[in-house]
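# Descriptive analysis of the structure
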Amino acid sequence: MKITYKQFFEHRRVPESSLYFLVGKPYHLQNEVQFNIEFNLKAKDFDIKTYLIDSDVNLDQIRSNFETLSLFNEKKLLILNVLSNSIPKSLLDFILNTSIPKDLKIIIKAGSQTSAFKRNKFYLHIEKNYCVIEFTELKGLMLQKWIENKFNKNKIKFTKDSLVKILEKNEG
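Note that the structure is a prediction, hence the values are computed from the model and not measured.

### Overview of helix 5 (residues 121-129)
Among the residues making up helix 5, those that are buried are Phe122, Tyr123 and Ile126. Seen along its axis, helix 5 keeps its buried residues to an arc of 95°; they face one direction. Of the residues in helix 5, the exposed ones pointing more than 90 degrees away from the buried face are Lys121 and Lys128. Those residues of helix 5 that are buried lie in contact with strand 1 (2-4), strand 2 (19-24), helix 4 (89-96), strand 5 (104-110) and strand 6 (131-135). For helix 5, the N-terminal cap is asparagine 120; the gap from its side-chain oxygen to the backbone nitrogen of phenylalanine 122 is 3.1 Å.

### Regarding the sheet that holds strand 4 (residues 76-82)
The strand order across the open sheet built from 6 strands is 1-6-2-5-4-3, with neighbouring strands paired in parallel fashion. Among the strands making up the open sheet, the edge pair consists of strand 1 and strand 3 (47-53). Ignoring strand direction, the axes of neighbouring strands in this sheet form an average angle of 15°. Pairing between strand 2 and strand 6: 5 bridges, direction parallel. Bridging from a neighbouring strand, tyrosine 20 pairs with cysteine 131 of strand 6.

### Considering the nonpolar core
Grouped together as the largest cluster of nonpolar side chains are 28 residues, with contacts concentrated most on Phe21 and Ile106. Not counting residues within four places of it along the chain, the set of residues in contact with phenylalanine 21 comprises Ile87, Ile108, Ala110, Phe117, Phe122, Tyr123, Ile126, Cys131, Val132 and Ile133. In terms of nonpolar packing, the next biggest core, distinct from the first, is built from 25 residues, Leu29, Phe46, Leu77 and Leu167 among them.

### Focus: unusual backbone geometry
Between lysine 25 and proline 26 the backbone carries a cis peptide bond, its omega angle lying at 10°. In the Ramachandran plot, aspartate 45 falls in the positive-phi region, its phi being about 65° despite a non-glycine side chain. Take aspartate 45: it is sitting in the loop between helix 2 (27-42) and strand 3. Exposure remark for aspartate 45: the relative accessible area of 64% places this residue in the exposed category. If you check the backbone angles, lysine 155 has positive phi at about 55° while not being a glycine. By the secondary structure assignment, lysine 155 is in the loop between helix 6 (140-153) and helix 7 (160-169).

### Overview of the packing of helix 4 against helix 5
Where helix 4 meets helix 5, the closest approach of the two axes is 10 Å, and the angle between their N-to-C directions is 40°. As far as their axial angle goes, helix 5 and helix 4 are oblique. Handedness of the helix 4/helix 5 crossing: left-handed. Residues Leu92, Ile95 and Leu96 of helix 4 lie in contact with helix 5, whose contacting residues are Lys121, Phe122, His125 and Ile126. Looking at the contact of helix 4 with helix 5 residue by residue, the classes come out as 5 nonpolar, 1 polar and 1 charged.

Definitions and cut-offs
Residues numbered from 1 in each chain as written. Predicted model: local features only at pLDDT ≥ 70, side-chain atom pairs only at ≥ 80, totals over all residues. Heavy atoms only, no water. Buried < 20%, exposed > 50% of the residue type's maximum accessible area, 1.4 Å probe, protein only. Helix = DSSP H or I, 4+ residues; strand = E, 2+ residues; numbered from the N terminus. Arc of directions from axis to C-beta. Contact = heavy atoms within 4.5 Å. Polar contact = N/O pair within 3.5 Å; in protein donor to acceptor, adjacent residues only side chain to side chain. Pairing = 2+ DSSP bridges. Axes fitted to C-alpha atoms, helices over the stretch in contact; angles between N-to-C directions. Core = buried A, V, L, I, M, F, W, Y, C linked by side-chain atoms within 4.5 Å. Parallel < 35°, antiparallel > 145°, perpendicular 65-115°, else oblique. Left-handed = near helix turned anticlockwise from the far one by under 90°. Nonpolar A, V, L, I, M, F, W, Y, C, P; charged D, E, K, R; others polar.

Following this line, the structure appears as structure tokens:
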């Protein structure tokens, strides 16, 4: 399943999946969705581990998390923050060729990818079997609603004029 941040934002619900692929920019929106997923899983007693993934990543620790789950039946959420411009082939192959245990959830966060990436085997596999959440810069009414929600959430009083000034001051 593929949804956009806009769809996530409008419905405020986390779709059920073993793997969430958060792709695109800006990162603060990815972090917001990650926080919502984490919050839901913490309530279900999931242990959370975060890994920084670079182009020369060693997957041994991630593999061991997969293997220990089947032995001890722990609930884990693995967050894989991809730092490089592209997702390392070793990680792509690992995800494609590994069955995700039911007590394991994975969030893979990556920046914007090329249009060809959306046609590759990995992306199509994730889109078909798991959850892809795509991010793009917020603009116009969507940006305005996002800012209003942040103000309301933090109990900050504002006017339409102050909202316009914030948009202008920060170049949208």
